[in-house]
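Per-entry structural report
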Amino acid sequence: MLRVLVVEDEEMIRKGIVLTVDWTALDCVVVGEAANGAQGLEAARRLNPNLIITDLKMPEMDGLELIRFLKEKEYPGEILVLSNYEDFDSVRSALLLGAADYLLKIKIQPDTLLACLNKTTKKMQNTADRKDSILKTDITEPITDHLLSFFQGEESLDSF
């Protein structure tokens, strides 16, 4: 189950996101909320979310600073950005910093939010599945066979 953190200074929007989405249908759970980037950073450290939904314009620490700090600390999860129309440069900056996608606050409806979340959670699941398949690949047997053949004089060092 993916762990979600919502960082938004406008309480009505924050609560709307938390309450309008059927998080269990997405195999997600909202583990925390924060009213600004500084609180969001503290919550991210404490709660270890897989997905952070953050506003860009907030007091104390804005969303860009939050994203920049998380990426510097190699945050492994995904970040969705909330913005207004006039925040185009900020949205562009957020995407360049590694945000997965953005939503316009004016157009946030349950179906658009759900579509964006579906896309992001599927991307995260595909990434996790690829990592699992890579980790399950047993490379020790071929290496062991090569080493054994080398030490028995059947293979040369060049064959490695």
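Residues numbered from 1 in each chain as written. Predicted model: local features only at pLDDT ≥ 70, side-chain atom pairs only at ≥ 80, totals over all residues. Heavy atoms only, no water.

1. A look at the pairing of strand β4 (residues 78–83)
For the record, the criterion: Only protein chains enter the accessibility calculation, which uses a 1.4 Å probe; a residue whose area is less than 20% of its type maximum is buried, one above 50% is exposed, and one in between is partly exposed. Working definition: helices are DSSP H or I runs of at least four residues, strands are E runs of at least two. Numbering for both runs from the N terminus. Pairing between strands is defined by DSSP: at least two bridges between them are needed. When the strands point away from the viewer and the path from the first strand over the helix to the second turns clockwise, the crossover is right-handed.
Summarising burial for β4: 6 of the 6 residues are buried, a large majority. Residue alternation in β4 divides its side chains into two sets, Glu78, Leu80 and Leu82 and Ile79, Val81 and Ser83, and both sets are buried. In this structure, strand β3 (residues 51–55) lies alongside β4, joined through 5 bridges in parallel fashion. Across the sheet, residue Ile53 finds its bridge partner in β4, namely Leu80. Taken together, β3, helix α3 (residues 63–72) and β4 constitute a β-α-β crossover, and its handedness is right-handed. Relative to strand β5 (residues 101–104), β4 runs parallel, the two sharing 4 bridges. Counterpart to Ser83 in the pairing with β5 is Leu104.

2. Notes on the packing of α3 against helix α4 (residues 88–97)
To keep things clear, this is the line we draw: Simply put, an axis is a line fit to the C-alpha atoms, just over the touching stretch for a helix, and the angle between two N-to-C directions goes from 0 to 180 degrees. Oblique is the label for any angle not under 35 degrees, not over 145, and not in the 65 to 115 range, which are roughly parallel, roughly antiparallel and roughly perpendicular in turn. In what follows, residue pairs with any heavy atoms lying within 4.5 Å of each other are defined as contacts. Residues were grouped as follows: Ala, Val, Leu, Ile, Met, Phe, Trp, Tyr, Cys and Pro as nonpolar; Asp, Glu, Lys and Arg as charged; and all remaining residues, including Gly, as polar.
Between α3 and α4, the shortest axis-to-axis distance is 10 Å and the interhelical angle comes to 10°. Relative to α4, α3 is oriented roughly parallel. Along its contact with α3, which presents Leu64, Ile67, Arg68 and Lys71, the element α4 presents Ser90, Ser93, Ala94 and Leu97. Here the contact of α3 with α4 is composed, by residue class, of 4 nonpolar, 2 polar and 2 charged.

3. Description of unusual backbone geometry
One non-glycine residue, Asp27, adopts positive backbone phi at about 60°. Among the structural elements, Asp27 can be located in the loop between α1 (11–20) and β2 (28–34). Under the relative-accessibility criterion, Asp27 is labelled partly exposed at 39%. One non-glycine residue, Glu60, lies in positive phi territory at about 70°. Following the sequence through the fold, Glu60 ends up in the loop between β3 and α3.

4. Section: helix α2 (residues 37–47)
Convention followed: The directions from the helix axis to the C-beta atoms are what the arc is built from. Definition of a polar contact: a pair of N or O atoms within 3.5 Å, with one able to donate and the other able to accept a hydrogen when the atoms are protein atoms, and with sequence-neighbouring residues admitted only if both atoms are side-chain atoms.
Among all positions of α2, only Gly37, Gly40, Leu41, Ala43, Ala44 and Leu47 are buried. With its buried residues spanning 165° around the axis, α2 presents them on a single face. The outward face of α2, more than 90 degrees from its buried face, is lined by the exposed residues Arg45 and Arg46. On the buried face of α2, the contacting elements are β1 (2–7), β2, β3 and α3. A distance of 3.0 Å separates the backbone nitrogen of Ala38 from a side-chain oxygen at the start of α2, and that oxygen is part of Asn36. Where α2 ends, the next residue or the one after it, Asn48, has phi of about 50°, a positive value.

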